[in-house]
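Here is what each chain is made of, one letter per residue.
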Amino acid sequence: MNTSMTINATAMWLLALYQVVAEEQGADVTKLQGTTQNDIVKEYLSRGTHVFPPGPSLRLTTDMIAYTVSHMPKWNPINICSYHLQEAGATPVQEIAYAMSTAIAVLDAVRDSGQVPQERMGDVVGRISFFVNAGVRFIEEMCKMRAFGRIWDQVTRERYGIENPKHRRFRYGVQVNSLGLTEAQPENNVQRIVLEMLAVTLSKDARARAVQLPAWNEALGLPRPWDQQWSLRIQQVLAYESDLLEYDDIFEGSKVIEAKVGELVEAALAEMRRIEEMGGAMAAVESGYLKSQLVASHAERRARIESGEEKIVGVNAFESTEPNPLTADLDTAIQTVDPAVEARVIAALQHWRDTRYQPPFNHPRPARRWSG
C-alpha cells in the first residue's frame, strides 16, 4: 500500500503516528511506502498554514528526511510543490525557480546537518519528489516540464555530485490547474482540463508519473461522484483509445520546443542565482521577496484579464451562451453538505473540549527573584 499525505507543517507528527499504527499491527516499517508533502516554503508563500518560523521549520524537514533515509527507505519524505505557486500567481519561470530553490535549501540543510553521510546523498535525492501545476498554455507548460527535468539533473549532478542517473530523475506528479476553471460557462472547463493534461503527457521525456484532474464543476462547488468519474474517464480515453503511449518523444529535435525550453532554463537559472545571492530560499521568504514577486505576477495577470488582453472564454470573451442543461438545476449539479453534518461535527468538537483531560494547576510556583 502506498499512502500520500497532503500535509506540511505537521508532517513529522503525522508520519510518526503512521509509523506507530504500522508497529502496532506488526508491520515492517522499512517497507512502508508513501509520501508526506512536507514543503513548508510554499506554506509561507501560498497557503499560510505554517506553525513555526522558516528556520525551525526547515530543521523539522531536515530531521525527518534524515530519519526516513535510515528507517523508512521507501518513503518519499518531501513533495516539493510548485502547484500552489502557480495558483498564487507564479509565472512558469517563477514556478521552476522557486521550487528548485526550495529543493536546494532542503538538500543543503540535509547535507550540512551531518546526519546523512555524503555517500548516501544519492538516496536522499532519489526520494525527493515534486508536485507540479499544468496550465492551459499547454505548449509552454510542456516546455516548463522539460526545463524542470533539465535543471534538476544539472543541480543534483553539479551541486551534490550525484552520479546515478536514476537518483537524478525528476520525479513528479501533477494536478492540472484549478485556478483557470471558471464559474461562467463551466462546461468549457472540460476542454481546459484536457489541454492541461496534454501538457504533462504529450512529451514522453517529461511525462508525469501521476496525474490528478479536477472536475468540470469545481468552480461551482463540490463535484459529485459522477463528475469525478468523468475526469477519470478523460485520462482513460487518452491512455486506452489514443496512440499517445505508443511512441517515443514526439518533440525530440523540435527547434521550436528546444528554443522555448532553453529560454525557460536560462531565465529560471538567473532567478535561482538571484535567490542564492540573497542567502537562499529561506532568506528570500523571510525578506518578503518571494511573496512580493508572486503578488506582483498575480496582479499583472488579473490586469490582463480585466483589460481583455488575456481572454477567458465565457468570462471576458464570447459571453453569450445557450442555457446549460448540466447546471439547469444547481441543487443537483453540485454536491452540497447537509447543515446537520456541520452541526454534528461542531457539537462533537465542543464535547471533546469540555471533557478532555486537563492537568492540575496546583503545583507550587517558584519564588520570583528580583535583581536591582
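Residues numbered from 1 in each chain as written. Predicted model: local features only at pLDDT ≥ 70, side-chain atom pairs only at ≥ 80, totals over all residues. Heavy atoms only, no water.

Another aspect to go through is the layout of surface pockets. A volume near 990 Å³ is recorded for the largest pocket. Taken together, 33 residues line the largest pocket, and the ones lying closest to its centre are Val-136, Arg-137, Arg-301, Glu-310 and Ile-312. Contributions of two or more residues to the lining of the largest pocket are made by helix 5 (92-113), helix 7 (138-158), helix 8 (189-199) and helix 12 (289-307). With six residues, helix 12 is the largest single contributor of residues to the lining of the largest pocket. Split into classes, the residues belonging to the lining of the largest pocket amount to 10 nonpolar, 10 polar and 13 charged. By volume, the second largest pocket is sized at about 500 Å³. (1 Å grid on protein atoms, 1.4 Å probe; cavity = no way out; pocket = protein on both sides within 12 Å on 5 of 7 lines; lining within 4 Å. Points joined across faces, edges and corners; volume = space filled by probe spheres on them. Helix = DSSP H or I, 4+ residues; strand = E, 2+ residues; numbered from the N terminus. Nonpolar A, V, L, I, M, F, W, Y, C, P; charged D, E, K, R; others polar.)

Further remarks concern the pairing of strand 5 (residues 128-134). Among the seven residues in strand 5, seven count as buried, and that is most of the element. Side chains Ile-128, Phe-130, Val-132 and Ala-134 project from strand 5 onto one buried face, and the interleaved Ser-129, Phe-131 and Asn-133 project onto a second face that is buried too. Here strand 4 (residues 78-81) runs beside strand 5; their pairing, made up of four bridges, is parallel. Its bridge partner lying in strand 5, Cys-81 is registered against Phe-131. Between the parallel elements strand 5 and strand 6 (residues 172-176), the chain passes through helix 7 in a crossover that is right-handed. (Buried < 20%, exposed > 50% of the residue type's maximum accessible area, 1.4 Å probe, protein only. Pairing = 2+ DSSP bridges. Right-handed = clockwise from strand over helix to strand, strands pointing away.)

In this section: the nonpolar core. Membership of the largest hydrophobic core comes to 76 residues, with the highest contact counts inside it found for Met-100, Phe-130, Ile-151, Trp-152, Phe-170 and Tyr-172. Element by element, the count of residues in this core is highest for helix 5, at 11 residues. Dropping the residues within four chain positions of it, Phe-170 is found in contact with Met-100, Phe-130, Val-132, Met-145, Phe-148, Gly-149 and Trp-152. In this structure, Met-5, Ala-22, Leu-32 and Met-72 belong to the second largest nonpolar core, which totals nine residues. (Core = buried A, V, L, I, M, F, W, Y, C linked by side-chain atoms within 4.5 Å. Contact = heavy atoms within 4.5 Å.)

Using a probe with the size of a water molecule, rolled over the atoms, empty space left in the structure can be pinpointed. Evaluated as defined, the whole model comprises four cavities of 30 Å³ or more. What lines the largest cavity is a set of 13 residues, and nearest its centre among them are Asn-8, Ala-9, Asn-38, Ser-57 and Leu-60. Looking at the lining of the largest cavity element by element, the count peaks at four residues for helix 3 (residues 54-71).

Before going further, it helps to spend a moment on the sheet that holds strand 4. Pairing is parallel across the open sheet formed by four strands, whose spatial order is 4-5-6-7. This sheet does not close on itself; its edge strands, each paired only once, are strand 4 and strand 7 (210-212). Shown here is a sheet whose adjacent strand axes are inclined to one another by a mean of 25 degrees, direction ignored. With five bridges connecting them, strand 5 and strand 6 associate as parallel partners. (Axes fitted to C-alpha atoms, helices over the stretch in contact; angles between N-to-C directions.)

Right, let's get into the side chain of Thr-61. As for its position among the elements, Thr-61 is in helix 3. With relative accessibility at 3%, the residue Thr-61 sits in the buried group. Aside from chain neighbours lying at most four places away, what touches Thr-61 is Asn-38, Ile-78 and Val-106.

We now examine helix 5. Taking 1.5 Å per residue as the helical rise, helix 5 with its 22 residues ought to reach 32 Å, and the 32 Å between its terminal C-alpha atoms agrees with that figure. For helix 5, the buried fraction is high: 18 of the 22 residues fall into the buried class. Looking one or two residues beyond helix 5, the residue adopting positive phi is Gly-114, at roughly 80 degrees. (Expected span 1.5 Å × (residues − 1).)

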